[in-house]
Amino acid sequence: MLKSKTFLKKTRAGGVMKIVREHYLRDDIGCGAPGCVACGDAHEGPVLEPQPLDPASSLCPQPHYLLPDTNVLLHQIVSVWRPGTWASVASSLRPPGSLETYVEQEQGENANDRNDRAIRVAAKWYNEHLKKMSAENQLQVVFITNDRRNKEKAIEEGIPAFTCEEYVKSLTANPELIDRLACLSEEGSEIESGKVIFSEHLPLSKLQQGIKSGTYLQGTFRASRENYLEATVWVHGDTEENKEIILQGLKNLNRAIHEDIVAVELLPKNQWVAPSSVVLHDEGQNEDDVEKEEERERILKTAVNEKMLKPTGRVVGIIKRNWRPYCGMLSKSDIKESRRHLFTPADKRIPRIRIETRQASTLEGRRIIVAVDGWPRNSRYPNGHFVKNLGEVGDKETETEVLLLEHDVPHQPFSQAVLSFLPKMPWSITEKDMKNREDLRHLCVCSVDPPGCTDIDDALHCRELENGNLEVGVHIADVSHFIRPGNALDQESARRGTTVYLCEKRIDMVPELLSSNLCSLRCNVDRLAFSCIWEMNHNAEILKTRFTKSAINSKASLTYAEAQMRIDSATMNDDITTSLRGLNKLAKILKKRRIEKGALTLSSPEVRFHMDSETHDPIDLQTKELRETNSMVEEFMLLANISVAKKIHEEFSEHALLRKHPAPPPSNYEILVKAAKSKNLEIKTDTAKSLADSLDRADSPSFPYLNTLLRILATRCMMQAVYFCSGMDNDFHHYGLASPIYTHFTSPIRRYADIIVHRLLAVAIGADCTYPELTDKHKLAHLCKNLNFRHKMAQYAQRASVAFHTQLFFKSKGIVSEEAYILFVRKNAIVVLIPKYGLEGTVFFEEKDKPKPRLIYDDEIPSLKIEDTVFHIFDKVKVKIVLDSSNLQHQKIRMSLVEPQIPGISIPMDTSNMDINEPERKKKKLEK
């Protein structure tokens, strides 16, 4: 049956357009209930679960399906229902093209009322239809709505209807589900007799008017990790003026949560402040301790140089909430039998959340997930509800799950739909695979990687040609051969964006069959590759470049140490070793030339854990050793990426996926310049070349580690490199590499960006065909946005994994005293780096319930004077390192000053009676 609706619409040009909408209504769509005699085999798509919800409900004793309205579905989907339930609900809604349940909007009826009526019609139809089933299979559909009028109308129409709370409370076998009910309003439930703390958020209509007129600015709210009373708002739009706005104090933060889209009002210039140098963590004050908050806020407002003042504002409204479920721990209330407790998120940028639960004793000492429901004006903290118990604090599996969830890393097993697109085993290269592909299996190709690497993306070769020149090849796994555009495998790889490397675990971007087998360029097996081959002279000058799909057979899979040993050996002269020596010689020339052009050589301390073979706990922690072979591989990967970037941009000037590294604004370098000046050194930052030259000259014979510290600090000044579509940007320059153009081509097993680049290059050389999304710059720009987010989250997850394993290492080690260097000085603390462990930490000089020392902070130098001792950046100190397990909520590495000795501040390095973890170790010993 066909139903049509016609209406007229005015176009921008002033004309009139006639629009006809047609609905094709069918009467042959099955209900989805297994065993339904009336429908027989008429089911299309997914069917309802054979076993409906457990009928342990005091309101609905017979077996039943649930049909929620839209609002219940949106508000409770993450909270109450078990994972399989919503699949049933989704398929239980009759398709809009079903003749019996199609509902047209009536005259004067709004869209919401029409939707509510449509769901009621579907519920009523189901209940009538399911009566036709046999008595022993009799089923019922129960309508769930929190809308009072909707519920009343449903009951009038003979439909069993309940609010979400009524139904959940009726589930006598699952009383714990009551804790998971979300508050119904955005503001959440008000605290009884609580006084108003925050100003009211303006309605969206007023915010939009204010943004349009320039009264308010729209931006992303970014809370500080170091100071819970401070945040910045990164203003959206192209304007350079007031790009970043500082917010200080609870009332100016006005209930915004990290990553919310907010509207801010700029304060008058006489109220502008400077970014705070105080480290402040929320210690969980009581609801009524707002006076204490105001006292802490006064600490932030100290006299500063006028040049340090930044545009300052206050949040006037929320444009879009970007809440997510948060991992953390319960801080159980001191009040006996209390059901109201505070939850402390693992992410320090998220405020504590007030929840009600009857399971506090069970959840104490566990990692849990909590969702935010709202934030009333008279509550110090937002309201939320318990969602899930993840496991015991400190358990490796639990903590790994937490850091993956907190950094939004997709880590579920690959679905059957995804795995169905993998090649069938056993696999081998066929004649069809060799079409448009060169056979390079005769070449002496080898790979050089870290020890234990199974996802080998790249391999190299170098040989002398008859004309005396050198042929150098970079061969990259041809992942795009196995992952075809648009299928489920491709979509999942795009969603994941990157492989995430944790200390003991790897979260693959592609299934293991590809990552560790068919795409991995392992030795002595035939593999498909994408090759970039240059003809060079002995001075590493490129004479010719060509790209080809290929088949290779790697002759050796080496570690960096093994490759270095071959290069340095006086006795080895085989083909692989000769190739490596040629590559190493050319790489040194390439690196020297790159640095002369202004490429930066920065530093970032990377650590490597040695694990116990039985317990898998870290037993040693060392900074990674870099060899010549690390640099050799890096140089040719950079060269291949630059060569490919030029080629795809030549062919696709509007659609090339490139990578750029913006030059940092001059203000980023202030801390580096001041730090160098304090050691009588000058750092010039007007160009990348002048910075590179300054860093090369910044040497001190009496302090050899100084240059490394300066490079570490310079790394902190840099901007984030990002992917972008060439047709959506004009600035292609990569600042750190001093290259006018750059992309990622060399790691397609672990980066989705490289797969897109492979596809572009394949089309450019005629080895593969294009597809619409590949040449749609808007879709590519959207893809780049996701890739940039995933890449950033992967880096954060990796750092969090290192931090957790560092805690495990020091837990078993007890108290350690080590030399450290000051990286930053704050108003009440110093941030130090311990070179031996590549470990960074904060030494606080103000402790709760202890006399406050005399502190004088000078931002210009910068320096911190404690009593009569002055600390500057890069000063050497000695610190005590210990894992503080006294607060399970946030176990942390605690650092205390040992040297220089300051009475009342420094502690003697006497390990007796000082180990705060000793009771725990004794307990474990007794248990053994």
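Everything numeric in this text was worked out from a predicted model, so none of it was measured.

Draft legend 1. Focus on helix H20 (residues 752–764). Taking 1.5 Å per residue as the helical rise, H20 with its 13 residues ought to reach 18 Å, and the 19 Å between its terminal C-alpha atoms agrees with that figure. The element H20 is largely enclosed, with a buried count of 12 among its 13 residues. Within the sequence span of H20, burial applies to Tyr752, Ala753, Asp754, Ile755, Ile756, Val757, His758, Arg759, Leu760, Leu761, Ala762 and Ala764. Looking one or two residues beyond H20, the residue adopting positive phi is Gly766, at roughly 75°.

Draft legend 2. Representation of the packing of aromatic side chains within the structure. Following the criterion strictly, the structure yields 12 aromatic pairs and no others. On the numbers, 5.0 Å between centres and 75° between planes, the contact of Phe809 with Phe810 is edge-to-face. On the accessibility criterion, Phe810 (1% relative accessible area) is buried. Aromatic pair Phe845 and Phe871: ring centres 6.0 Å apart, planes at 15°, arrangement stacked. Placement of Phe845 in the loop between strand E31 (839–844) and strand E32 (855–858) and of Phe871 in strand E34 (residues 869–872) is noted, with a sequence separation of 26 residues between them. A relative accessible area of 4% places Phe845 in the buried class. Site record: aromatic cluster; members linked through ring pairs are Phe703, Tyr705 and Tyr821. In this arrangement the basic side chain of Arg225 is found over the ring face of Tyr796, its NZ or CZ atom lying 5.8 Å from the centre.

Draft legend 3. Focus on the packing of helix H10 (residues 396–406) against helix H21 (residues 777–813). Here H10 crosses H21 at 155°, and the two axes come no closer than 10 Å. With respect to H21, the axis of H10 lies roughly antiparallel. Between H10 and H21 lies a crossing whose hand is right-handed. Taking contact as the criterion, the partners of Lys396, Glu399 and Leu403 in H10 are, on H21, Ala797, Ala800, Ser801, Phe804, His805 and Leu808.

Draft legend 4. The arrangement of helix H16 (residues 628–651) in detail. Over its 24 residues, H16 runs 35 Å from end to end, which matches the ideal 34 Å to within 8%, given 1.5 Å per residue. Buried residues dominate H16, accounting for 17 of its 24 residues.

Draft legend 5. Looking closely at the confidence of the model for the protein. Put simply, the protein has an average pLDDT of 85, and 85% of its residues get 70 or more. In the model, residues 911–928 has pLDDT below 50 throughout and makes 23 contacts with residues more than four positions away in sequence or in other chains.

Draft legend 6. Structural view of unusual backbone geometry. Backbone torsion omega between Ile861 and Pro862 reads -15°, so that peptide bond is classified as cis. Mapped onto the fold, Pro862 is located in the loop between E32 and strand E33 (863–866). Of note, the amide linkage connecting Glu899 to Pro900 takes the cis form, showing an omega dihedral of 5°. Summarising the element assignment, Pro900 is placed in the loop between strand E36 (892–899) and helix H22 (918–927). In this structure, Ala540 takes a positive phi of about 60° despite not being glycine. The phi angle at Asn680 is positive, at roughly 60°, despite the residue not being glycine. In this fold, Asn680 is placed in the loop between helix H17 (670–678) and helix H18 (688–697).

Rules used in this analysis
- Residues numbered from 1 in each chain as written.
- Predicted model: local features only at pLDDT ≥ 70, side-chain atom pairs only at ≥ 80, totals over all residues.
- Heavy atoms only, no water.
- Helix = DSSP H or I, 4+ residues; strand = E, 2+ residues; numbered from the N terminus.
- Expected span 1.5 Å × (residues − 1).
- Buried < 20%, exposed > 50% of the residue type's maximum accessible area, 1.4 Å probe, protein only.
- Phe/Tyr/Trp six-rings, centres within 6.5 Å; stacked < 30°, edge-to-face > 60°.
- Lys NZ or Arg CZ within 6 Å of the ring centre and 35° of its normal.
- Axes fitted to C-alpha atoms, helices over the stretch in contact; angles between N-to-C directions.
- Parallel < 35°, antiparallel > 145°, perpendicular 65-115°, else oblique.
- Left-handed = near helix turned anticlockwise from the far one by under 90°.
- Contact = heavy atoms within 4.5 Å.
- pLDDT = per-residue confidence, 0-100.

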